[in-house]
Amino acid sequence: MRPCLFERRLPPLPRWPAGRVLASGGGDILLSQQPKRSFILGVDRRKELLPPSSRSNSEGTIRLLPIQEQRLQTTNKWRRREYSSSSSSAASTASNNNNGGALPSGGGGGRTKSTTVNSTKVVTTTDLEKRIAAIPIERYRNFCIVAHIDHGKSTLSDRLLEHTGTISASDGNKQILDKLDVERERGITVKAQTCTMIYRYAHDGHDYLLHLVDTPGHVDFRAEVTRSYASCGGALLLVDASQGVQAQTVANFHLAFAEGLTLVPVINKIDLESADVGRALEQIEVAFELDPTKAVKVSAKTGVGINGILPAVIQNIPPPVGDPNKPLRMLLVDSWYDTFRGVVLLVRVFDGQVRAGDKLVSFATGNQYTVGEVGIQYPNQVPQTTIRAGQVGYIFFNPGMKRIQDAKIGDTFTNVGCEGVVEPYPGFEEPKPMVFVAAFPTDQSHYQKLADSIGQLVLNDRSVTLQKDSSEALGAGWRLGFLGSLHCSVFQDRLRQEHGADVIITEPSVPTKLEYADGTELVITNPAEFPEPSEDHRMRSAKIFEPVVRATVALPEDYYGKVIELLEAARGTNEGIEFFGNQVIMKYEIPAASLVDDLFGKLKGATKGYATLDYEDAGWRESDLVKLNLLVNKVAVDAIARIVHRSQAVRLGRAWVEKFKQHVSRQMFEIIIQAQAGRQIVARETLKPFRKDVLAKLHASDISRRRKLLERQKEGRKKLRAVGNVVIEQSSFQKFLSK
Ligand SMILES: Nc1nc2c(ncn2[C@@H]2O[C@H](COP(=O)(O)OP(=O)(O)OP(=O)(O)O)[C@@H](O)[C@H]2O)c(=O)[nH]1
């Protein structure tokens with residue numbers, strides 16, 4: 001094994017006190033920087049499906065698309081281009097690439113699988129297989145790119161895929177590994193994506209098998225990052241030269257370091273006028289003790305310096321360790337659902353090899369399966385005869401795995417009969433949702449359609465929790481749990497974009513924990529279920545807890561004062577402040593509820609967009625919380641209830657009643673809108689009724705008749721109010737709940 005470039009020295013952890021020394025010996029120190037929560041996200045890999053005209057062959061390489069996939073492919077130019085790019089890329093590889101990514105132009109003998117699009121031969125699996133088979137494990141490198149959000153991971157991935165000839169530059173591909181519509185629209189990576197590349201290293205003239213993982217930068221998708229590490233031996237730590245080290249650079253560095261990954265620093269965006277390469281180099285040295293002279297300086301956009309990256313990967317990142325002749329030891333890294341194949345698994349093979357027809361057993365479920373197909377992401381799925389120790393690839397079973405729940409991320413598979421001799425991988429922590437919303441169809445007759453759409457999305461995003469819910473005001477719906485606000489908003493976007501769903505989503509809330517005097521604990525995710533002391537006498541002595549996070553905020557020194565004010569207002573507790581250069585890094589413990597209440601947006605606003613934020617779960621903190629209800633004519637609207645800190649109840653209650661009044665239309669009788677915190681009414685608005693002019697036809701002097709008519713009108717209104725039948729249209733709730 002090659003020596004690691006960067007010695008595992010203790011980084012300046014006292015300044016980033018998120019880590020814990022677990023063990024130390026021989027100068028090596030292991031740090032536990034694992035976040036307390038880890039998430040499981042599925043992958044949408046619709047793009048791998050080929051055009052509808054293509055029929056499945058016996059090898060299963062070309063498949064007929066389901067109706068919805070066809071709709072998506074024909075409406076989304078990217079998906080069409082992805083298909084043709086991957087196909088033409090392989091073809092162009094053969095002709096264009098002199099870096100070593102090329103398939104040998106003469107097809108090999110033996111079994112040859114090929115896919116065709118418009119009669120053009122695009123991939124010859126056998127050629128690719130032969131070339132891969134000739135590469136020993138010592139020449140494998142599995143690595144990922146970690147960085148702060150928007151520092152250029154996906155752009156750099158594109159350049160590396162082009163550089164190795166895996167895709168063609170001439171296709172004008174942009175962010176080929178960002179496959180979801182929402183990823184392209186928002187310019188963020190939500191799913192970790194993987195791709196195998198073959199690179200001929202000019203220095204020794206050999207082929208290297210590289211496995212690249214493009215990871216999401218946003219903290220909500222951190223689980224994607226941590227899971228990716230399980231299949232990698234190293235990481236490119238990418239820093240934007242114009243922004244320098246940011247909050248998620250720090251967080252991702254610690255995660256990667258704790259996993260024992262070898263880090264290769266890369267300074268990106270050197271083409272920008274505002275680039276300050278010197279500052280970025282100094283920061284990585286001070287903050288991470290990485291050797292600045294080893295950093296590769298690139299512009300992922302223009303391609304300048306890209307040539308230096310893969311040699312640095314080969315020289316510094318160690319190859320995977322594994323024995324292809326041992327019994328199979330295979331880790332399940334990710335999974336997604338395919339209508340035809342059943343559950344498809346992304347796996348990392350540690351020992352042994354896996355091929356179609358093998359009988360495997362899962363350590364987690366004990367279920368046995370027969371392998372239907374194995375292959376690699378290149379960048380689309382390309383079937384192979386075998387995937388060996390050290391490789392990352394996909395497999396699916398025949399008959400297919402039916403339930404996505406049976407694919408437990410972090411599970412180990414081995415050959416049937418080898419359970420006793422193979423040590424299973426320790427696995428990953430289960431995801432823990434932080435943000436909950438309720439979703440209702442705008443029209444109850446569309447309930448089933450919305451149920452199907454949500455069901456499909458949840459199938460491929462395992463970190464979403466789902467349970468049925470109902471509200472008197474909004475009818476039947478669901479309660480959904482997400483890893484964070486961005487995760488929640490991405491899910492909503494996908495629901496609307498990919499399924500055209502018309503849906504009312506309530507305000508996001510965080511869970512609350514009750515600890516009764518007898519020691520029993522109850523975690524409440526639906527605020528409407530928060531018991532009032534009048535309903536549950538145990539509440540009088542119960543302790544109430546809210547979830548808190550440990551936040552890292554990075555910002556230029558100029559905004560220091562403003563940000564402290566903001567964090568204090570968000571009920572944050574200072575845990576440490578560190579200055580380096582003109583950059584400040586603050587550690588704060590903050591209630592998760594403040595985070596959900598758009599703390600990030602407020603931070604950006606206060607710092608002209610310069611502040612960056614990262615956080616990790618920090619458990620529960622006792623707090624003075626109260627249930628805030630919106631009452632309409634004394635009846636609580638369950639879907640709108642929230643658990644808030646007592647200090648915020650009046651301000652929020654006032655805002656609620658004012659906003660609700662704007663969206664409710666006047667009725668024949670008075671509507672009283674109130675906000676109630678615990679047992680106390682904290683705000684009130686009254687919506688006056690329409691007044692029918694009952695006196696219109698009356699002679700002005702008929703006073704007793706006049707009084708009688710007005711009395712009768714008053715009585716009529718009272719009766720209406722007594723039955724409490726205030727009819728509030730769905731649209732009022734929709735407008736109230738929309739920002
Ligand atoms: N000028 C310049 N812009 C770049 C460079 N690399 C990336 N960008 C731009 O920076 C923006 C973010 O790039 P991405 O590749 O999406 O960043 P990312 O790190 O993958 O983003 P997330 O996946 O959301 O974390 C895009 O507008 C890119 O075009 C570069 O070298 N120079």
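Starting afresh in each chain, residues are numbered from 1 along the sequence in its written order. Note on the predicted model: pLDDT of at least 70 is required for a residue's local features to be given, and 80 or more for side-chain atom pairs to be given and counted; whole-chain, interface and lining totals, by contrast, use all residues. To get the side-chain values, take all heavy atoms of the structure and skip hydrogens and water.

With an unreviewed UniProt entry as reference, the chain is termed P-loop containing nucleoside triphosphate hydrolase protein, source organism Apodospora peruviana. Regarding the chain, the UniProt comment filed under Subcellular location (unreviewed entry) reads as follows: "Mitochondrion inner membrane". UniProt positions are given in the numbering used here, feature names are shortened, and annotations may be inferred rather than shown by experiment. Per UniProt, the chain carries the Function (unreviewed entry) text "Promotes mitochondrial protein synthesis. May act as a fidelity factor of the translation reaction, by catalyzing a one-codon backward translocation of tRNAs on improperly translocated ribosomes. Binds to mitochondrial ribosomes in a GTP-dependent manner."

**Q** Can you tell me about the overall build of the chain, naming the residues and giving the values?
**A** Where helices and strands are cited, they refer to DSSP runs of H or I of at least four residues and of E of at least two residues respectively, numbered from the N terminus. Within the chain, the regular secondary structure consists of 16 helices and 34 strands. Per-residue burial over the chain gives 58% buried out of 739 residues. Any two residues having at least one pair of non-hydrogen atoms within 4.5 Å are treated as being in contact. Expressed as a percentage of contacts within the chain between residues at least 6 apart in sequence, the contacts between residues at least 24 apart total 70%. Only protein chains enter the calculation, and the probe is 1.4 Å; a residue is then buried if its accessible area is under 20% of its type maximum, exposed if over 50%, and partly exposed in between.

**Q** Mind laying out the pairing of strand S33 (residues 671-677), listing which residues take part and the relevant values?
**A** Counted residue by residue, S33 has 7 buried out of 7 residues, so it is predominantly covered. A two-sided burial pattern is seen for S33, the buried positions comprising Ile671, Ile673, Ala675 and Ala677 on one face and Ile672, Gln674 and Gln676 on the other. Pairing between strands is defined by DSSP: at least two bridges between them are needed. In this structure, strand S30 (residues 625-632) lies alongside S33, joined through 5 bridges in antiparallel fashion. In the sheet register, leucine 628 faces S33, and the bridge partner there is alanine 677. Bridging between S33 and strand S34 (residues 680-687) involves 7 bridges; their strand directions are antiparallel. From the neighbouring strand, isoleucine 672 faces S34, where its bridge partner is threonine 686.

**Q** Give a description of the sheet that holds strand S21 (residues 465-471) that names residues and reports values.
**A** Where strands meet in a sheet, backbone hydrogen bonds hold them as pairs that are either parallel or antiparallel. If you walk across this open sheet you meet the 4 strands as S21-S22-S20-S23, and the pairing is antiparallel. A single partner strand is all that each edge strand has here, and the edge strands are S21 and strand S23 (503-505). When strand polarity is set aside, the average angle formed by the axes of neighbouring strands in this sheet is 30°. Between the N-to-C directions of two axes lies an angle of 0 to 180 degrees, each axis being a line fitted to C-alpha atoms and, for a helix, fitted only over the stretch in contact.

**Q** I'd like a description of helix H13 (residues 592-606), backed by residues and values.
**A** Structural remark: α-helix, 3.6 residues per turn; residues separated by three or four positions point the same way. If you check H13, its first and last C-alpha atoms are 20 Å apart, about what 15 residues at 1.5 Å a residue would give, namely 21 Å. A bend of about 65° at aspartate 598 is the largest found in H13. Inspection of H13 places Ala592, Ser594, Leu595, Val596, Leu599, Leu603 and Ala606 among the buried residues, and these make up the whole buried set. Elements that come into contact with the buried residues of H13 comprise strand S20 (435-441), helix H11 (485-499), strand S26 (543-556), helix H12 (560-569), strand S28 (583-591) and strand S29 (612-622). Downstream of H13 by a residue or two, lysine 608 has a phi angle that is positive, lying close to 55°. The span expected for a helix works out to 1.5 Å for each residue beyond the first. Two axes define the bend at a residue: one fitted to the seven residues ending there, one fitted to the seven starting there, and the bend is the angle between them.

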